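# Results of the structural survey
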Amino acid sequence: MTSGTLIARIAPPSLGGTRALRIIERNLLVYRRLWPVFLSGIFEPIFYLFSIGLGLGKIVGTVGTGDEAISYAAFVAPALLAASAMNGAVYEIFNIFFKLKYDKVYDAMLATPLRPGDVAIGEISWTLLRGVQYAVGFMLVMVVMGLASSPLAILAVPAAVLIGFAFAAVGMAATTFMTSWQHFDLIQLATLPLFLFSATFYPLDVYPGWLQTVTQISPLYHGVELVRALTLANLDVSLFGHVSFLVLMGLAGMAVAGRRLEKLLLA
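The notes below deal with the structure included here. Here the structure is a predicted model, which means the values were calculated and not measured. (Residues numbered from 1 in each chain as written. Predicted model: local features only at pLDDT ≥ 70, side-chain atom pairs only at ≥ 80, totals over all residues. Heavy atoms only, no water.)

A separate point is the overall build of the protein chain. Along the backbone of the protein chain there are twelve helices and two strands. Counting from the amino terminus, the protein chain carries its helices and strands in the arrangement α-α-α-α-β-β-α-α-α-α-α-α-α-α. Relative to its full complement of 267 residues, the protein chain shows a buried share of 49%. Considering only contacts within the protein chain whose residues lie at least 6 apart along the sequence, 78% involve residues at least 24 apart. Accessible surface, the protein chain as shown: approximately 13000 Å² in total, 70% of it carbon and sulfur. (Helix = DSSP H or I, 4+ residues; strand = E, 2+ residues; numbered from the N terminus. Buried < 20%, exposed > 50% of the residue type's maximum accessible area, 1.4 Å probe, protein only. Contact = heavy atoms within 4.5 Å. Areas by Shrake-Rupley, 256 points an atom, 1.4 Å probe, with all protein chains shown as cover.)

This part is about the packing of aromatic side chains. Under the criterion given, the structure shown has nine aromatic pairs. Note on Phe-94 and Phe-184: the rings are 4.4 Å apart at their centroids and 15 degrees apart in plane angle, and the pair reads as stacked. In this pair, Phe-94 is assigned in helix H5 (residues 72–101) and Phe-184 in helix H9 (residues 184–196), connecting sequence segments 90 residues apart. With a relative accessible area of 34%, Phe-94 lands in the partly exposed category. Judged by centre distance (5.9 Å) and plane angle (70 degrees), the rings of Phe-97 and Tyr-102 are edge-to-face. With relative accessibility at 43%, the residue Tyr-102 sits in the partly exposed group. Ring-pair connections join several aromatic residues into one group, and the members of that group are Phe-94, Phe-97, Phe-98, Tyr-102, Trp-181 and Phe-184. Here the basic side chain of Arg-228 rests over the ring of Phe-75, its NZ or CZ set 3.7 Å away from the ring centre. Between the NZ or CZ atom of Arg-260 and the centre of the ring of Phe-177, over which it lies, the distance is 4.1 Å. (Phe/Tyr/Trp six-rings, centres within 6.5 Å; stacked < 30°, edge-to-face > 60°. Lys NZ or Arg CZ within 6 Å of the ring centre and 35° of its normal.)

Our next topic: the packing of helix H7 (residues 116–144) against helix H8 (residues 156–175). Across the interface, H7 lies against H8 with an axial gap of 8 Å and an inter-helix angle of 140 degrees. Our classification of the angle between H7 and H8 gives oblique. Seen from above, H7 lies across H8 with right-handed handedness. Listed contacts from H8 to Val-119, Ala-120, Glu-123, Ile-124, Thr-127, Leu-128, Val-132, Ala-135, Val-136 and Met-139 of H7 are Ala-156, Val-157, Ala-160, Val-161, Gly-164, Phe-165, Ala-168, Ala-169 and Met-172. Broken down by class, the residue content of the contact of H7 with H8 amounts to 16 nonpolar, two polar and one charged. (Axes fitted to C-alpha atoms, helices over the stretch in contact; angles between N-to-C directions. Parallel < 35°, antiparallel > 145°, perpendicular 65-115°, else oblique. Left-handed = near helix turned anticlockwise from the far one by under 90°. Nonpolar A, V, L, I, M, F, W, Y, C, P; charged D, E, K, R; others polar.)

Counting residues in hydrophobic clusters, the biggest one holds 75 residues, and the most contacted among them are Leu-81, Tyr-106, Phe-167 and Met-172. Among the elements of the structure, helix H4 (43–60), H5, helix H6 (105–109), H7, H8, H9, helix H11 (219–232) and helix H12 (238–265) are those that each provide at least two residues to this core. It is H5 that provides the largest number of residues to this core, a total of 19 residues. (Core = buried A, V, L, I, M, F, W, Y, C linked by side-chain atoms within 4.5 Å.)

A separate point is H4. The terminal C-alpha atoms of H4 lie 24 Å apart, and with 18 residues this matches the ideal 26 Å at 1.5 Å per residue to within 8%. Taken together, the buried positions of H4 are occupied by Pro-45, Ile-46, Leu-49, Ile-52, Gly-53 and Gly-57. Residues of H4 that are buried in the fold lie against H5 and H7. Gly-61 sits one or two positions beyond H4 and adopts a positive phi of about 85 degrees. (Expected span 1.5 Å × (residues − 1).)

Let us look at the pattern of salt bridges. All told, the structure shown has four salt bridges when counted by the stated rule. Across the pair Glu-123 and Lys-99 runs a salt bridge whose closest N-O atoms are separated by 2.8 Å. One end of the pair, Glu-123, is in helix H7; the other, Lys-99, is in helix H5, and 24 residues separate them in sequence. Exposure class is identical for Glu-123 and Lys-99. Each is buried. Linking Arg-228 and Glu-225 is a salt bridge whose minimum nitrogen-to-oxygen distance equals 3.6 Å. Of this pair, Arg-228 and Glu-225 both sit in helix H11, separated by three residues, roughly a single helical turn. For Glu-225, a relative accessible area of 23% gives the class partly exposed. (Salt bridge = Lys/Arg side-chain N within 4 Å of Asp/Glu carboxyl O.)

Below is the structure:
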């Protein structure tokens, strides 16, 4: 066992939060000249909003009936906000995989008092910052377009942070099982159906019965319903279920990521 590994094992856990900040600091230094790449992910959901929310919205008109009817753009926008938080987390998986498998950044980090758990917390926190940026940028677009009229819409930003946490943690855990770039095709295979079939573009009740059941298992569905309820001020007890699902998903992903990193880096 090397001295760096020994230090990593015996470092006091009370310093874990401080040590994890070093990961965020490093990423900030790396990205200080790559900020256009960092910002690029915000544009995809905005393009969807303009092309589908406004274009298709002219044909669809409104969603719902009576006093509960809203414009199609107002229906789609919160879902795209949730999707942007998911994308912000998923995009960072590529960088984590490169640092883990090729650049060996984490091996070097463990020659310091950093531990695998600190690496997991630091990288997930960094991914959250990226998701927050996407969420805030998209929320500003919604406000300008008049799609966030309720004061409660501001709570959609911390909700997007929660979505980012859930996907960042599970995404990092998944990365530790990957051995080649081809495995990222599986990430796309997972995220694309989530994006299309999480009540993102259509109300849940238009799906066939079996697909409604499958959709309600989707983590993005819980994120979409949470953000949509806050944006439209439709609050009920189901929100606790959505929040609980995302919190448990994030905690489970973080636990697996920490253990897997320990197995890979300290073996």
